[in-house]
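# A closer look at the structure
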Amino acid sequence: MRAISLIIAVTTAISCQAALPELRFAWKEVDYVWDSPAQRETAVKDGLFVPANNLPLGLARWKNKVFVTVPRWKNGVASSLNYVDLDGAQDQPLKPYPSLKENLVSDSAKELPSNSSIISVFRVFVDPCDRLWVMDSGLADILGSPNQVAGPSLVIFDLNTNQLIHRYFFKVSDMKEDSFFANIVVDVDKNTCDNAFAYVPDLGGYGVVVYSLKQDDSWRVTHHYFHFEPLAGTYNVGGIEFHWTDGVFALALSEPRENGFRTMFFHAFSSTKEFCVSTELLRNYTHIDKTEAFHDFKLLGDRGERTQSSASYYDTNTSVLFYTQINRNGIGCWNSNKPYTPENNPLLFNDATLFEFLNDLKVDDEGTLWLLSDKLPRFIYKSLDPNEINYRIFSMKASDAIAGSACE
């Protein structure tokens, strides 16, 4: 009888454990698909490729491609915009997109070699119209000898043809002295592809830039809620304590509401609070009374201590907002049909080894949640061990991730 009770207890414990995502890709150091071994050798010799300085940061999935960005934090990033084959090897080399030629640009370049050239990308977005939206900061060797090769720009590719559709450079009025653009979300319906709006957070200048594809124009939105929280700027990840003042960074869009507009959920990187605003206001910001509009930005609530988040994504299938948990080595979630409280923002899973600094997450059109972890603090403040796995990409069904939690 005692043995039976023990079996029941063990079985119960196992069944209550949260499902963990599947490891899809893993690298100690990343490499690329080169035109020839000689080309790679020359790139290393000339300093165009320094393997240790190439850190994956953002991701997005489209059909059989998983896009992976490698920002130019340091010198020697061979290709900032890349993809891997969905069913390829876990440690496969990255394939530059749209080509190696368009990415292999010197850190000291004075201008873009071509209109399709890519300098430094943190995040990308795949829209329902089979387009890849790329936020190119244009800044090389950020932590070394920063070089603004070109101004910040939106780059749009047709994923079916791999051809450039359009490139738009931000206006002077879109930027502030400390502006830094590293994320993008796109508001569009697949039946009206020309009427797309991109929302780009400015984490350094505390604003959001809105871009209209139809108008081919942009404008800047400002609000107090875009600033960081002074008491939420301290982090401790992988045994490294650091302090960041990053403002609005994570943006996520709901399904269209009854009026046809979406809700944009947002928060500053260095913050534990979540806010929201209607995209109707963002789209029409240049024509409205700014004083009255101030109160249309709403505080949803606070997640609790140590819940700073680098990325978020709203899954329209489950009505759940997923977000990374930097200080807690995992991800959190909130069901938008419930009050925004710490109790309704559970930590789904955490593992200091697997999920050390989860930097990005997305839910694809098949309802699969994708996660990328990359040990960024160690990369910035110390160094990574090339003999251990440093970069990982995971996936799991979003519905499985929230099963049994307050988000279900």
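Here, every reference points to the structure presented above.
Residues numbered from 1 in each chain as written. Predicted model: local features only at pLDDT ≥ 70, side-chain atom pairs only at ≥ 80, totals over all residues. Heavy atoms only, no water.

### Points about the sheet that holds strand 6 (residues 121–126)
- Read from one edge of the open sheet, four strands run 6-7-10-11, paired in antiparallel fashion. Only two strands of the sheet have a single neighbouring strand rather than two, namely strand 6 and strand 11 (163–169). The average angle at which neighbouring strand axes cross in this sheet is 20°, direction not considered.
- Pairing geometry for strand 7 (residues 131–136) and strand 10 (residues 153–158), over six bridges, is antiparallel. Following the sheet pairing, L132 is matched in strand 10 by F157. (Pairing = 2+ DSSP bridges. Helix = DSSP H or I, 4+ residues; strand = E, 2+ residues; numbered from the N terminus. Axes fitted to C-alpha atoms, helices over the stretch in contact; angles between N-to-C directions.)

### What to know about the environment of D194
- Considering the arrangement of structural elements, one finds D194 in the loop between strand 12 (185–187) and strand 13 (197–202).
- Judged by its relative accessible area of 58%, D194 is exposed.
- Remark: the alpha-carbon pair of D194 and Q215, spanning 21 residues in sequence, is separated by 9.6 Å.
- If we ignore the near neighbours within four places in the chain, the residues touching D194 are L213 and K214. (Buried < 20%, exposed > 50% of the residue type's maximum accessible area, 1.4 Å probe, protein only. Contact = heavy atoms within 4.5 Å.)

### Considering the state of the cysteines
- Summed over the entire model, instances satisfying the criterion amount to two disulfides.
- Linked covalently through their sulfurs, C129 and C193 form a disulfide whose S-S length is 2.0 Å. Taking the sign of the torsion about the S-S bond as the criterion, the disulfide between C129 and C193, at about -95°, is left-handed. Taken together, the positions of C129 in the loop between strand 6 and strand 7 and C193 in the loop between strand 12 and strand 13 put the pair 64 residues apart, joining distant regions of the chain.
- Taking relative accessible area as the criterion, C129 reaches 17% and is therefore assigned buried. (Disulfide = S-S within 2.5 Å.)

### Notes on the nonpolar core
- Of all hydrophobic cores here, the largest spans 58 residues; its most connected members are W133, I184, Y199, F266, F322, I331 and L369.
- Excluding residues that lie within four positions of it along the chain, I331 makes contacts with F322, Y323, T324, Q325, P346, L347, L348, F349, L358, L361, L369 and L371. (Core = buried A, V, L, I, M, F, W, Y, C linked by side-chain atoms within 4.5 Å.)

### Comments concerning the pattern of salt bridges
- Per the stated rule, a full pass over the model turns up 20 salt bridges.
- Residues D85 and K95 are paired through a salt bridge, measuring 2.6 Å at the closest nitrogen-oxygen approach. With a gap of 10 residues between them, D85 in strand 4 (residues 81–85) and K95 in strand 5 (residues 95–96) connect regions that are remote in the sequence.
- Classification of D85 as partly exposed rests on a relative accessible area of 24%.
- By relative accessible area, K95 is classed as partly exposed at 25%.
- Several salt bridges converge on common partners, so that one network encompasses E356, K375, R378 and E388. (Salt bridge = Lys/Arg side-chain N within 4 Å of Asp/Glu carboxyl O.)

### Observations regarding the packing of aromatic side chains
- Tallied over the entire structure, the rule returns 31 aromatic pairs.
- For the pair F226 and F266, a centre-to-centre distance of 5.2 Å together with 65° between the ring planes defines the contact as edge-to-face. Of this pair, F226 sits in the loop between strand 15 (217–222) and strand 16 (234–237) while F266 sits in strand 19 (residues 263–268), and the two are 40 residues apart along the sequence.
- Considering the side-chain rings of F265 and W334, the 5.8 Å spacing of their centres and the 80° angle between planes classify their relative orientation as edge-to-face. (Phe/Tyr/Trp six-rings, centres within 6.5 Å; stacked < 30°, edge-to-face > 60°.)

### Considering the sheet that holds strand 25 (residues 347–350)
- The four strands lie next to each other as 22-23-24-25, forming an open sheet whose pairing is antiparallel. Because the sheet does not close on itself, it has two edges, and the strands there are strand 22 (312–315) and strand 25. Across the sheet, the mean angle from the axis of one strand to that of its neighbour is 20°, orientation sign disregarded.
- Relative to strand 23 (residues 320–325), strand 22 runs antiparallel, the two being bridged by four bridges. Looking across to strand 23, one finds that Y314 is bridged to L321.

### A closer look at the side chain of D246
- In this structure, D246 sits in the loop between strand 17 (240–243) and strand 18 (248–253).
- Buried charged residue D246 carries no salt bridge. Nearest counter-charge: R123, at 9.1 Å. (Lys, Arg positive; Asp, Glu negative; His and termini not counted.)

### Quick word on the pairing of strand 26 (residues 358–363)
- Burial analysis of strand 26 places six of its six residues in the buried class, the great majority of the element.
- Here strand 26 runs beside strand 27 (residues 368–373); their pairing, made up of five bridges, is antiparallel. Note that in strand 27 the partner of V363 across the bridge is L369.
- Two successive antiparallel strands, strand 26 and strand 27, enclose a turn made up of four residues, where G367 displays a positive phi of approximately 80°.

### A word on the environment of G76
- Topologically, G76 is positioned in the loop between strand 3 (65–69) and strand 4.
- Under the relative-accessibility criterion, G76 is labelled buried at 0%.
- Taking C-alpha positions, G76 is 4.5 Å from V50, a pair spaced 26 residues apart along the chain.
- When neighbours within four sequence positions are excluded, G76 is seen to be in contact with G47, L48, F49, V50, N54 and D107.

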